[in-house]
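# Reading the structure
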Amino acid sequence: MTIMHVNRHKFTSPVTNQPLVLRNGQIVQGEIVKIYPENKAEIRIGTYRLIAEINTSLIVGKKYFFQVNESENQ
């Protein structure tokens, strides 16, 4: 499972107002909030919610480990 693209404009503001920093290759645990068409999913990582491109089947409400991959065209 890989997060191919993270839309940083979809982050919700946490109480601490500290940005979520994701680095290429980093492994993070997140929960699937909603599945969208075209291999997209809303993922909750801690207090943050983001939209990611995914490349495998996932189940809403389940927690998974994701590897962050940098993509130049997204």
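Residues numbered from 1 in each chain as written. Predicted model: local features only at pLDDT ≥ 70, side-chain atom pairs only at ≥ 80, totals over all residues. Heavy atoms only, no water.

### Quick notes on the overall build of the protein chain
Within the protein chain, the regular secondary structure consists of zero helices and six strands. For the protein chain, the α and β elements follow one another from N to C terminus as β-β-β-β-β-β. Per-residue burial over the protein chain gives 32% buried out of 74 residues. If you take every contact in the protein chain between residues at least 6 apart in sequence, the share linking residues at least 24 apart comes to 64%. As displayed, the protein chain offers around 5100 Å² of accessible surface, 47% of which is attributable to carbon and sulfur atoms. (Helix = DSSP H or I, 4+ residues; strand = E, 2+ residues; numbered from the N terminus. Buried < 20%, exposed > 50% of the residue type's maximum accessible area, 1.4 Å probe, protein only. Contact = heavy atoms within 4.5 Å. Areas by Shrake-Rupley, 256 points an atom, 1.4 Å probe, with all protein chains shown as cover.)

### Here we look at the pairing of strand β4 (residues 40-45)
Sheet analysis places strand β3 (residues 27-36) next to β4, joined by five bridges and oriented antiparallel. Pairing of I35 across the sheet is with A41, part of β4. Between β3 and β4, which pair antiparallel one after the other, the connecting turn spans three residues, and E38 there sits at a positive phi close to 60°. (Pairing = 2+ DSSP bridges.)

### As for the confidence of the model for the protein chain
Across the protein chain, pLDDT averages 82, with 74% of residues at or above 70. Model confidence for the protein chain, summarised as mean pLDDT per element, is weakest for strand β1 (residues 2-3) at 52 and strongest for β3 at 95. (pLDDT = per-residue confidence, 0-100.)

### Comments concerning the environment of G46
By the element assignment, G46 lies in the loop between β4 and β5 (48-53). Placed 15 residues apart in sequence, G46 and E31 show a C-alpha to C-alpha distance of 8.9 Å.

### Some details on the nonpolar core
Core analysis: the largest hydrophobic core is formed by 15 residues, its most contacted members being I32, I43, L58 and F66. Elements with a contribution of two residues or more to this core: β3, β4, β5 and β6 (63-68). (Core = buried A, V, L, I, M, F, W, Y, C linked by side-chain atoms within 4.5 Å.)

### Some thoughts on the pairing of β3
When β3 meets β6, the two strands line up antiparallel, connected through five bridges. In the strand pairing of β6, G30 is matched with Y64.

### Some thoughts on the environment of K40
The topology assignment puts K40 in strand β4. You can call K40 partly exposed: its relative accessible area is 26%. In this structure, the C-alpha to C-alpha distance between K40 and E53, residues 13 residues apart in sequence, is 4.5 Å. Setting aside residues up to four positions removed in sequence, K40 forms contacts with I35, I51, A52, E53 and I54.

### Some details on the pattern of salt bridges
A complete count under the given rule lists two salt bridges for this structure. Between E31 and R44 there is a salt bridge whose closest N-O contact spans 3.2 Å. With a gap of 13 residues between them, E31 in strand β3 and R44 in strand β4 connect regions that are remote in the sequence. (Salt bridge = Lys/Arg side-chain N within 4 Å of Asp/Glu carboxyl O.)

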